[in-house]
Amino acid sequence: MRTVLTAGALLAAVTAAAAGPLTPAASAAAPYKGANTAAVQDDFNGDGYRDLVVGAPYAADGGVEAAGAVVVLYGSSSTVSATRRTVITQATAGIPGDPEEYDGFGTAVASADLDRDGYADLIVGTPYEGVGGKASRGSVTVVWGGPNGLGGGTNIAPPAGLGDGMTYCRFGMSLAAGDMNGDGAPELGVGSGCEASAYTGPFTRTGGSASRYLEWRASGRGVVMGDVNGDGKAERFWLSGPADDDLRGTVYLDNGAPADDTGSVNAPTELPYADGHAGQVGDVNGDGYGDLVTGIAEDDSLANATGAAHRGGEIQVLYGGPHGITAGQHPQVFHQDTAGVPGVAENGDEFGQSLSVGDVNGDGYADVLVGSPGEAVGTHRLAGTAVLLRGSASGLTTAKAAGYTQDTAGVPGAVETGDQFGAAVHLADLNRDGKAETVVGAPTENSDGCVWVARGSASGPVPSGSFDVCGKSAGITVKNVKGYFGAATTSAHVEM
């Protein structure tokens, strides 16, 4: 069973009962350093604290079943709570589009300061939205940040020619942003079931970009951006997703727009030893170069074929360096049959369905949190787990690895069949203490879905005193189907 449903299995509902903040977010007189700095990447109101974005792609929007919603929980010295929030739907004033059943608004979420005003902007993928009479054509919406938080928005149009002759493109199924040319304006990558779409910033408030192009030479269901060669500029990687001839998913390094009709100029570089359906960049070994971490959750049992991921799923790490990541590199591979990784590899565990890279203990090495929502806990199928692997000078390691379920002491709630704890995960310092909080989504918990939040410490995540935020308490509503609050964060998850 996949954690995030395909177009043929769109069942869920989550959204905001109110179209704006129920409690006004704290404002700042001026932006804190600028939202494109790493420390405040997700700071939508400029108060110096990163905010937590939670997608609820099947929330009800008023009476519209499964239209979708996004909830932003504002960070503070005491971390996030359900009361300091903004709820965004396509019925929110200033947001383009109309809520329709099973649009999936919030299936993918990202953030970047697209207009360079010093406040992070929210980017939302709605891959199942019908556009121009085409089912599941998909759309991407920007909601602008500012001193009072989020408000107003525009759509980002796909490049000309996207999915010509095709219908179910699902434009917006994945999103990533990063400054690729060093001008301080982030570039944007948008994945789809058709071609990949690339944009050069800065963006205007009408959604225009400096330039854009269709990357028709590489399928790009997944996109990852980050600096892997230490030059201060982000690289972009396209992850093609499973194909008949490569179930594990090809990984490409973007080299720029096609410069001739043949596509041979600036053609993407295939990384033949790497695989992945979703990923994120972070400095796992503390050497100053970003490392590419990818997940492949679909094993042979889920693919109904041979040649997919290791049984139960896997993640891979490609280490950056002065020459970046090159075609000759072989990844480091982890799965639940790797010595020291908590759990046992079993069919359909979906280890690698979601992943996040961040420093949970402030030691200078990025750690990797891996979601495994298909994991059984005791007799409870699809209860789910999240596994933390530690960064070190020698790279990602299983030393002090830990697994978390709703049966872990201190974790609120109870293990239940089908909760899918780990469908989305996120590591981010939300209270500015130098240690990332651990966030784990359980989108099918109860009727609305929940996220678990635990503070970081010198020894890692602290379950004692941790808490849940659930969809209804955060302002979403549900109708007929589950809300799926917690199905997406700004970290990576697999959307097929």
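Residues numbered from 1 in each chain as written. Predicted model: local features only at pLDDT ≥ 70, side-chain atom pairs only at ≥ 80, totals over all residues. Heavy atoms only, no water.

Undergrad: I tried to follow the state of the cysteines on my own but got confused; where do I start?
TA: Formally, a disulfide is one covalent bond, and it connects the sulfur atom of one cysteine to the sulfur atom of another. In this structure the tally under the stated criterion is two disulfides. Disulfide partner of Cys 169: Cys 194, at an S-S distance of 2.1 Å. Between Cys 169 and Cys 194 the sulfur-sulfur dihedral comes to about -90°; the bridge is accordingly left-handed. Here Cys 169, found in the loop between β8 (153-156) and β9 (174-178), pairs with Cys 194, found in the loop between β10 (187-191) and β11 (195-203); they are 25 residues apart in sequence, far enough to count as distant. With respect to burial, Cys 169 and Cys 194 carry one shared label: buried. (Disulfide = S-S within 2.5 Å. Helix = DSSP H or I, 4+ residues; strand = E, 2+ residues; numbered from the N terminus. Buried < 20%, exposed > 50% of the residue type's maximum accessible area, 1.4 Å probe, protein only.)

Undergrad: What is the right way to read the packing of aromatic side chains from this model?
TA: Working definition: an aromatic ring pair is given by the centre-to-centre distance plus the angle between the planes. With the rule as written, the count across this model stands at four aromatic pairs. On the basis of an interplanar angle of 40° and a centroid distance of 5.7 Å, the ring pair of Tyr 404 and Trp 452 is categorised as tilted. Of this pair, Tyr 404 sits in strand β24 (residues 397-404) while Trp 452 sits in strand β27 (residues 450-454), placing them 48 residues apart in sequence. A residue is classified by how much of its surface remains accessible, and Tyr 404, at 7% relative accessible area, is buried. Taken together, Tyr 404, Phe 421 and Trp 452 form an aromatic cluster joined through their ring pairs. Sitting over the ring of Tyr 49, Arg 432 keeps its end group 4.7 Å from the ring centre. (Phe/Tyr/Trp six-rings, centres within 6.5 Å; stacked < 30°, edge-to-face > 60°. Lys NZ or Arg CZ within 6 Å of the ring centre and 35° of its normal.)

Undergrad: Which parts of the structure should I look at to understand the sheet that holds strand β6 (residues 121-126)?
TA: Adjacent strands of a sheet form backbone hydrogen bonds with each other and so pair up, either parallel or antiparallel. Strand order in the open sheet made by the four strands is β5-β6-β7-β8, with antiparallel pairing throughout. Each of the sheet's edge strands pairs with one partner strand only, and the pair in question is β5 (108-112) and β8. Adjacent strand axes in the sheet meet at a mean angle of 25° when their direction is disregarded. Note: strand β7 (residues 139-143) against β8, four bridges, orientation antiparallel. Residue pairing for β8: Val 143 is matched across the bridge by Gly 153. (Pairing = 2+ DSSP bridges. Axes fitted to C-alpha atoms, helices over the stretch in contact; angles between N-to-C directions.)

What is shown is where atoms sit, not what they do.
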